[in-house]
Amino acid sequence: MRKKIIAGNWKMNKTIEEAIELANGLKLDLADCKDVDVVLCPPFTALKSVSDIVSETQIAVGSQNMSSEDEGAYTGEICHTMLKEIFVRYVILGHSERRQYYKENDFWINKKVVKALEKNLRPILCVGETLEDRESGSTEKVVEVQVREGLKDVAAESYTELVIAYEPVWAIGTGKVATAQQAQDVHAFIRGVVKDMVGAEAADAVRIQYGGSMKPDNAVELLGQPDIDGGLIGGAALDATSFAGIVKAAM
Ligand code: 13P
């Protein structure tokens, strides 16, 4: 039985002060929540403050990116040591906004995934098709390449540590949510790709989140699908009541 995982991707939102307020609100609401893994992913500047607030709770902290390198002359980058120093446990990698605006490609995303696992951080690998891909019937082809390339050289035993987030680009921040059936179909497909890559045991164990306009009112149906193991939440993660509502839908 896979434990559900709900992660909030705050993207480039929240000053430190605002992040502290949100994290304190969520701590009150969700601190005892043992049945669902909850992860907060604030911007880098607020990571330490949020990490301190949730330090003795069940809530974990994640970053929104990580360098594939260990240290050195990489201006603007943040490495695993810096994240682990402040008790970050998860790293979102390959988000579609990074693929689209910063031209991150599967090669570099894979290097980051491999590095994160090597350093005992849990990658949340994001994959998903654009509207153009979907309308041209290429959803499976696009997602399969992202999964195969993003998880290249990852051992079967590591699949319990990583998370795949299926985020159809056309559903992100648009209010246009994939139907539960559309999402389920792609999740089942991804699990099949993993099975083909590393075997049935890893495919059965890996958690696959859905992301894209998930809200408390559509979360129950999405999370009720057999292959949907959680959510990666953008807009609704910026409000304590909405995010807590989604976590409760996962219980
Ligand atoms: P929204 O929930 O705002 O659509 O964002 C989803 C997302 O991109 C999470 O990573």
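Residues numbered from 1 in each chain as written. Predicted model: local features only at pLDDT ≥ 70, side-chain atom pairs only at ≥ 80, totals over all residues. Heavy atoms only, no water.

Peer 1: Can you lay out the layout of surface pockets for me, pointing to particular residues and giving the numbers?
Peer 2: Taken as a whole, the largest pocket holds about 500 Å³ of empty space. As for the largest pocket, its lining consists of 19 residues, of which K11, M12, Q64, R98 and Y102 are closest to the centre. With three residues, the single largest contributor to the lining of the largest pocket is helix α4 (residues 96-101). The residue makeup of the lining of the largest pocket, split by class, is nine nonpolar, six polar and four charged. Its boundaries defined by the atoms lining it, the second largest pocket holds a volume of some 260 Å³. Of all elements in the fold, only β2 (37-41) and β3 (60-63) reach the threshold of two or more residues within the lining of the second largest pocket. It is β2 that contributes the most residues to the lining of the second largest pocket, three residues altogether. Taken together, the residues of the lining of the second largest pocket sort by class into 10 nonpolar, four polar and three charged. (1 Å grid on protein atoms, 1.4 Å probe; cavity = no way out; pocket = protein on both sides within 12 Å on 5 of 7 lines; lining within 4 Å. Points joined across faces, edges and corners; volume = space filled by probe spheres on them. Helix = DSSP H or I, 4+ residues; strand = E, 2+ residues; numbered from the N terminus. Nonpolar A, V, L, I, M, F, W, Y, C, P; charged D, E, K, R; others polar.)

Peer 1: Can you lay out the environment of E157 for me, pointing to particular residues and giving the numbers?
Peer 2: Relative to the helices and strands, E157 is located in the loop between α7 (139-150) and β6 (163-166). Assessed through its relative accessible area of 63%, E157 is described here as exposed. Residues E157 and A116 lie 41 residues apart in sequence; the distance between their C-alpha atoms is 14 Å. (Buried < 20%, exposed > 50% of the residue type's maximum accessible area, 1.4 Å probe, protein only.)

Peer 1: Give me the lowdown on the site of the ligand, citing residues and values where you can.
Peer 2: Neighbouring the ligand are 13 residues, the closest being K11, E167, G173, S213 and G235. Here an oxygen atom of the ligand and a side-chain polar atom of E167 are 2.9 Å apart. The separation between an oxygen atom of the ligand and a polar main-chain atom of G235 is 2.8 Å. Broken down by class, the residue content of the shell around the ligand amounts to four nonpolar, seven polar and two charged. (Near = heavy atom within 4 Å. Polar contact = N/O pair within 3.5 Å; in protein donor to acceptor, adjacent residues only side chain to side chain.)

Peer 1: Mind laying out the side chain of R2, listing which residues take part and the relevant values?
Peer 2: Tracing the chain through its elements places R2 in the segment before β1 (5-9). In this structure the side chain of R2 is engaged in a polar contact, spanning 2.7 Å, whose partner is the backbone oxygen of D204. Within the structure, the side chain of R2 is placed 2.9 Å from the side chain of D229, a separation counted as a polar contact. When residues no more than four places from it in sequence are discounted, the contact partners of R2 are R191, D204, A205, V206, R207, P226, D227 and D229. (Contact = heavy atoms within 4.5 Å.)

Peer 1: Kindly report on helix α10 (residues 216-223), identifying the contributing residues and their values.
Peer 2: Burial in α10 covers these residues: N218, A219, L222 and L223. Mapping the buried residues of α10 onto a view down its axis gives an arc of 125°, with all of them on the same face. What points out from α10, more than 90 degrees from its buried face, is the exposed set D217, V220 and E221. Residues of α10 that are buried sit in contact with β1, α8 (180-198), β7 (207-210), β8 (230-233) and α11 (240-249). (Arc of directions from axis to C-beta.)

Peer 1: Can you explain the pattern of salt bridges? Please cite residues and give values.
Peer 2: Counted by the stated rule, this structure contains 20 salt bridges. Here R207 and D37 are joined by a salt bridge, their closest N and O atoms 2.8 Å apart. A residue pair is termed long-range when its members are at least 10 positions apart, and R207 in strand β7 and D37 in strand β2 qualify at 170 residues. Exposure class is identical for R207 and D37. Each is buried. The shortest N-O distance in the salt bridge between E144 and R148 comes to 2.8 Å. One end of the pair is E144 and the other is R148, both in helix α7 and four residues apart, which spans about a single turn. A single network of salt bridges, built from pairs that share partners, joins R2, R191, D204, D227 and D229. (Salt bridge = Lys/Arg side-chain N within 4 Å of Asp/Glu carboxyl O.)

Peer 1: Pulling in residues and values, what's your account of the packing of helix α1 (residues 16-30) against α11?
Peer 2: Look at α1 against α11: their axes get within 10 Å of each other, and the N-to-C directions meet at 35°. The way α1 lies across α11 gives a crossing that is right-handed. Residues L22, L26, D29 and L30 of α1 pack against A240, F243, A244, V247 and K248 of α11. Within the contact of α1 with α11, the residues separate by chemical class into seven nonpolar, no polar and two charged. (Axes fitted to C-alpha atoms, helices over the stretch in contact; angles between N-to-C directions. Left-handed = near helix turned anticlockwise from the far one by under 90°.)

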